[in-house]
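So you can see what is in the structure, the chains are spelled out below.
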Amino acid sequence: MQKNLDSSDPQIFLKDAYAEGVTLKLGDFLGAVLRPVVMFESRGKLDSPRLHELLASNSSVALEAILTNRTDGAALLAIRVCMICCALLGEEVGVRRWATEGATRCQAGDGVWARSLPEWNWVLENPARYIRHAVAIKHSFNQL
Amino acid sequence: MNKKRILIVDDEPSFTTLTRMNLERANRFEVWAENQSSACVAQARIFQPDLIVLDVVMPGQDGGSVLAELAADETLRKIPVILLTATVTDKILQGRQGVFAGHPVLAKPIEPAKLIRQIEETLKQAANGGATHAKKFGLF
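Scoring rules and cut-offs
Residues numbered from 1 in each chain as written. Chains lettered and ligands numbered in written order. Predicted model: local features only at pLDDT ≥ 70, side-chain atom pairs only at ≥ 80, totals over all residues. Heavy atoms only, no water. Helix = DSSP H or I, 4+ residues; strand = E, 2+ residues; numbered from the N terminus. Areas by Shrake-Rupley, 256 points an atom, 1.4 Å probe, with all protein chains shown as cover. Buried < 20%, exposed > 50% of the residue type's maximum accessible area, 1.4 Å probe, protein only. Right-handed = clockwise from strand over helix to strand, strands pointing away. Pairing = 2+ DSSP bridges. Core = buried A, V, L, I, M, F, W, Y, C linked by side-chain atoms within 4.5 Å. Axes fitted to C-alpha atoms, helices over the stretch in contact; angles between N-to-C directions. Left-handed = near helix turned anticlockwise from the far one by under 90°. Contact = heavy atoms within 4.5 Å. Nonpolar A, V, L, I, M, F, W, Y, C, P; charged D, E, K, R; others polar. Buried area = accessible area lost by both parts, 1.4 Å probe. Salt bridge = Lys/Arg side-chain N within 4 Å of Asp/Glu carboxyl O. Polar contact = N/O pair within 3.5 Å; in protein donor to acceptor, adjacent residues only side chain to side chain. Phe/Tyr/Trp six-rings, centres within 6.5 Å; stacked < 30°, edge-to-face > 60°. Lys NZ or Arg CZ within 6 Å of the ring centre and 35° of its normal.

Engineer: Looking at this model, I keep getting lost on the overall build of chain A. Mind explaining?
Structural biologist: Across its full length, chain A carries seven helices and zero strands. When the helices and strands of chain A are placed in sequence order, the string is α-α-α-α-α-α-α. Summed over all atoms, the accessible surface of chain A reaches about 7300 Å², with 56% contributed by carbon and sulfur.

The following block contains the structure:
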């Protein structure tokens, strides 16, 4: 049965608090990116079909950006979303692939993205840990 | 019959070795494999390929920046390029008629026969004055 949730609902409160906790624990990198992706539909489930759909649309954008040698924020964001989707789907090869692309491309970027190299490198060095966190978050959100 | 010279650039040695073997078995291609993307342009100047098969996501220098370098080189800009990637699926490629940013793109893993068909088709198009990556970059 569909739950009737409003902004004062304790589940919403806990969900937001959890996301805030994720942000605090893992920093802007994971938290700030997971929030818009994971919380896109706050009442939705992070199921595989939805994640695959998100991955398909963003990988298309990312590939186009890569092949036209773009290093702007939109390109890097698409790459990052792809990496997160792969993590949420538990696909380590995909995580490595997109993190490699992000680490390569961010160095030519400007602004905040130019400083994101340590983040991509962290994922490349800890892909299993990154996936473990992502999948744990997914399961938690899906149970809320 | 003159064999067509194919340069394969991919960071996975197992992939380039296998692809090289499969192409050479067709007896129509002379193949050079390169696993360092940053060496692609230099290798292309030496090998003078008729076509380049280029992976998209590689450490160090990715396919996008290699394409830009090729397009900036007067001697290499006319060489047609086929892109390989595991970042998109066949389904997505079908929706784009197998073309991204003006280049034919094949999804990995790829069957040797499919790659050979694409190589021959792309070489044929290039011989007929088809678009090359240099044109896509607006250099002509």
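Continuing now.
Engineer: Even after reading the chapter, I still don't get the pairing of strand β4 (residues 81-85) of chain B, so can you show me in this structure?
Structural biologist: Both faces of the sheet carry side chains from a regular strand, because those side chains alternate between them. Residues and elements named next belong to chain B. By the criterion of burial, β4 is predominantly enclosed, with five of the five residues buried. Taking every second residue as pointing to the same face, both faces of β4 are buried, with V81, L83 and T85 on one and I82 and L84 on the other. Once you follow strand β3 (residues 51-55) into helix α3 (residues 63-72) and on to β4, the crossover reads as right-handed. Sheet topology places β4 next to strand β6 (residues 103-107); three bridges connect them, and they run parallel. In the strand pairing of β6, T85 is matched with A107.

Engineer: How should I be thinking about the nonpolar core in this particular structure?
Structural biologist: One broad trend across soluble globular proteins is that nonpolar side chains are buried collectively. The biggest cluster of nonpolar side chains holds 55 residues, and the ones touching the most others in it are L67 and W98 of chain A together with I52 and L54 of chain B. The dominant element in this core, judged by the number of residues it contributes, is helix α3 (residues 73-88) of chain A, at eleven residues. If you look at the next biggest cluster of nonpolar residues, it comprises 17 residues, including F29, L51, I110 and I116 of chain B.

Engineer: Explanation requested: the packing of helix α2 (residues 48-67) of chain A against helix α4 (residues 92-106) of chain A in the structure shown.
Structural biologist: Packed helix pairs are specified by the crossing angle of their axes together with the interaxial distance, meaning the distance between the axes. Residue and element names in this part refer to chain A. Contact pair α2 / α4: the axes reach a minimum separation of 13 Å and the direction vectors enclose 35 degrees. In terms of crossing hand, the pair formed by α2 and α4 is left-handed. Touching L55, S59, A62, A65 and I66 of α2 are W98, E101 and R105, all from α4. Considering only residue class, the contact of α2 with α4 consists of five nonpolar, one polar and two charged.

Engineer: Honestly, the interface of chain B and chain A in this entry has me stumped. Any pointers?
Structural biologist: As a measure of interface size, the accessible area lost when the parts come together is often cited. Each side of the interface is counted separately: chain B has 22 residues, and chain A has 15 residues. Carbon and sulfur atoms make up 66% of the surface buried where chain B meets chain A, a total of about 1500 Å² over both sides. At the surface where chain B touches chain A, the tally comes to two salt bridges. The partner of R105 of chain A in a salt bridge is D62 of chain B, with the nearest N and O atoms 2.5 Å apart. Viewed at the interface, chain A and chain B are joined by six residue pairs in polar contact (both at pLDDT 80 or more). Elements with a minimum of two residues in the side of chain B that touches chain A: α3 and β4 of chain B. Here the side of chain B that touches chain A takes four residues from α3 of chain B, the largest share from any one element. Residues belonging to the side of chain B that touches chain A are distributed by class as follows: 14 nonpolar, six polar and two charged.

Engineer: It is not clear to me how the packing of aromatic side chains should be interpreted in this structure. Could you clarify?
Structural biologist: Remark: the centre distance and the inter-plane angle together describe each pair of aromatic rings, the angle taken between the planes. Residue and element names in this part refer to chain B. On inspection of all chains with the given rule, the structure shows one aromatic pair over all chains. Both rings, one in W32 and one in F47, keep their centres 6.1 Å apart while their planes meet at 40 degrees; by these two values the pair is tilted. Remark: F47 occurs in helix α2 (residues 40-47) and W32 occurs in strand β2 (residues 29-34); sequence separation between them is 15 residues. In this structure, R96 is placed above the aromatic ring of F100, and the distance from its NZ or CZ to the ring centre is 4.0 Å. Between the NZ or CZ atom of K108 and the centre of the ring of F15, over which it lies, the distance is 4.5 Å.

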